[in-house]
Amino acid sequence: NSGGCAAAYAAVHHMQAHVYMPKESLQANRSEVVEFGGHLHLVDGSIENACTQAAADCRQNGWYLCSSFHEPYRLEGMKTAGYELARSFNWTPPDWIIFPSQTGLGLTGIWKAFEEMNELGWLRGPLPHLASVRYMEGSHNQDTDIYSFERNANGSGQKYSMPVGFAVEHNL
């Protein structure tokens, strides 16, 4: 949970963290933010709605927006998982990678890594299918959101849209 991590980091450094997430977010994620002293803002609707509200509050209050897709080094760091997977499979990608995700950042980083390795000629075989599964509390797996990237016939990546992550701000 990025929100809990941001709240913990802010607390250690005597900063304020404002964490935005949908009202339907897991109770454990909500509790983690509050336990670390973060200001939790629950927003009606989706992660995109939470991101929009967070960005507006950042502009209004002069806060720094550090959500998943606004901080470039987080995506670059997530590529490590893709490189480790490729190395573990002796540079022959598996057919599928199913990745648990809330914001899609991890899956996006894995895809970016596989695209880079493919361009470098390091991979033995086609790009994998990638799927992200996000459990919604109380859904009993019926309302689980699934986002995926798939390879096309020539092995190059076809990207499908994914939601942006919920936003986390803290006052600098």
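Residues numbered from 1 in each chain as written. Predicted model: local features only at pLDDT ≥ 70, side-chain atom pairs only at ≥ 80, totals over all residues. Heavy atoms only, no water.

A.B. asks: Is there a simple way to think about the overall build of the protein in this case?
C.D. replies: Secondary structure summary: the protein contains 5 helices and 8 strands in total. Reading the secondary structure of the protein in the N-to-C direction produces α-β-α-β-α-β-α-β-α-β-β-β-β. Counting contacts in the protein only where the partners sit at least 6 residues apart, residues at least 24 apart contribute 64% of the total. Summed over its atoms, the accessible surface of the protein is roughly 9,300 Å², and 53% of this surface lies on carbon and sulfur atoms. (Helix = DSSP H or I, 4+ residues; strand = E, 2+ residues; numbered from the N terminus. Contact = heavy atoms within 4.5 Å. Areas by Shrake-Rupley, 256 points an atom, 1.4 Å probe, with all protein chains shown as cover.)

A.B. asks: Just to check I follow, could you spell out the nonpolar core for this structure?
C.D. replies: Where a protein is soluble and globular, its nonpolar side chains tend to be buried together. Listed in full, the 12 residues of the largest apolar core are Ala86, Ile97, Phe99, Leu107, Ile110, Trp111, Ala113, Phe114, Met117, Leu123, Leu127 and Leu130. Mapped by element, the contributors of at least two residues to this core are strand E4 (96–100) and helix H5 (105–120). Per-element tally for this core: the top contributor is H5, with 6 residues. Beyond its immediate stretch of four places on either side in the chain, Ala113 contacts Lys79, Gly82 and Tyr83. Counting residues in hydrophobic clusters, the runner-up holds 8 residues, among them Tyr20, Val43, Ala50 and Ala54. (Core = buried A, V, L, I, M, F, W, Y, C linked by side-chain atoms within 4.5 Å. Buried < 20%, exposed > 50% of the residue type's maximum accessible area, 1.4 Å probe, protein only.)

A.B. asks: What should I look at first to understand the pattern of salt bridges in this one?
C.D. replies: Pairing is possible between side chains that carry opposite charge, provided their charged atoms lie close to one another. For the coordinates displayed, the defined rule picks out 5 salt bridges. Its salt-bridge partner being Lys79, residue Glu116 comes within 2.9 Å of it at the nearest N-O pair. A residue pair is termed long-range when its members are at least 10 positions apart, and Glu116 in helix H5 and Lys79 in helix H4 (residues 72–88) qualify at 37 residues. Shared partners join several salt bridges into a network, and the residues in it are Glu76, Lys79, Lys112 and Glu116. (Salt bridge = Lys/Arg side-chain N within 4 Å of Asp/Glu carboxyl O.)

A.B. asks: Before we go on, may I ask you to explain the packing of aromatic side chains in this structure?
C.D. replies: To describe a pair of aromatic rings, one takes the distance between the centres and the angle between the planes. Counting across every chain of the model gives 2 aromatic pairs. Centre to centre, the rings of Tyr83 and Trp122 are 6.3 Å apart; their planes meet at 70°, and the pair counts as edge-to-face. Taken as a pair, Tyr83 in helix H4 and Trp122 in the loop between H5 and strand E5 (129–134) lie far apart in primary sequence, 39 residues in all. A residue is classified by how much of its surface remains accessible, and Tyr83, at 21% relative accessible area, is partly exposed. (Phe/Tyr/Trp six-rings, centres within 6.5 Å; stacked < 30°, edge-to-face > 60°.)

A.B. asks: What am I meant to see in the environment of Leu85 here?
C.D. replies: Tracing the backbone through its elements, the reader meets Leu85 in helix H4. Among the residues examined, Leu85 registers a relative accessible area of 25% and is labelled partly exposed. As for Leu85 and Ile110, which are separated by 25 residues in sequence, their C-alpha atoms are 8.8 Å apart.

A.B. asks: What is the right way to look at the pairing of strand E1 (residues 16–22) in this model?
C.D. replies: Along a regular strand, successive side chains alternate from one face of the sheet to the other. Burial of E1 is extensive: 6 of the 7 residues sit out of reach of the surface. As paired strands, E1 and strand E2 (residues 39–43) are joined by 5 bridges and run parallel to one another. Paired with Met21 across the bridge in E2 is Leu42. This β-α-β element, E1 to helix H2 (residues 27–35) to E2, shows right-handed connectivity. (Pairing = 2+ DSSP bridges. Right-handed = clockwise from strand over helix to strand, strands pointing away.)

A.B. asks: I'm lost on the side chain of Arg30 in this one. Help?
C.D. replies: Residue placement: Arg30 occurs in helix H2. Classification of Arg30 as buried rests on a relative accessible area of 15%. One polar contact links Arg30 to Gln27, side chain to side chain, over a distance of 2.3 Å. (Polar contact = N/O pair within 3.5 Å; in protein donor to acceptor, adjacent residues only side chain to side chain.)

A.B. asks: Would you take a moment to explain unusual backbone geometry for this structure?
C.D. replies: Among all residues except glycine, the phi angle is most often negative; among peptide bonds, the trans geometry is most common. Of note in this structure, His14 is not a glycine but carries a positive phi near 55°. Following the sequence through the fold, His14 ends up in the loop between helix H1 (2–12) and E1. A relative accessible area of 77% places His14 in the exposed class. In the Ramachandran plot, Asn90 falls in the positive-phi region, its phi being about 55° despite a non-glycine side chain. Relative to the helices and strands, Asn90 resides in the loop between H4 and E4.

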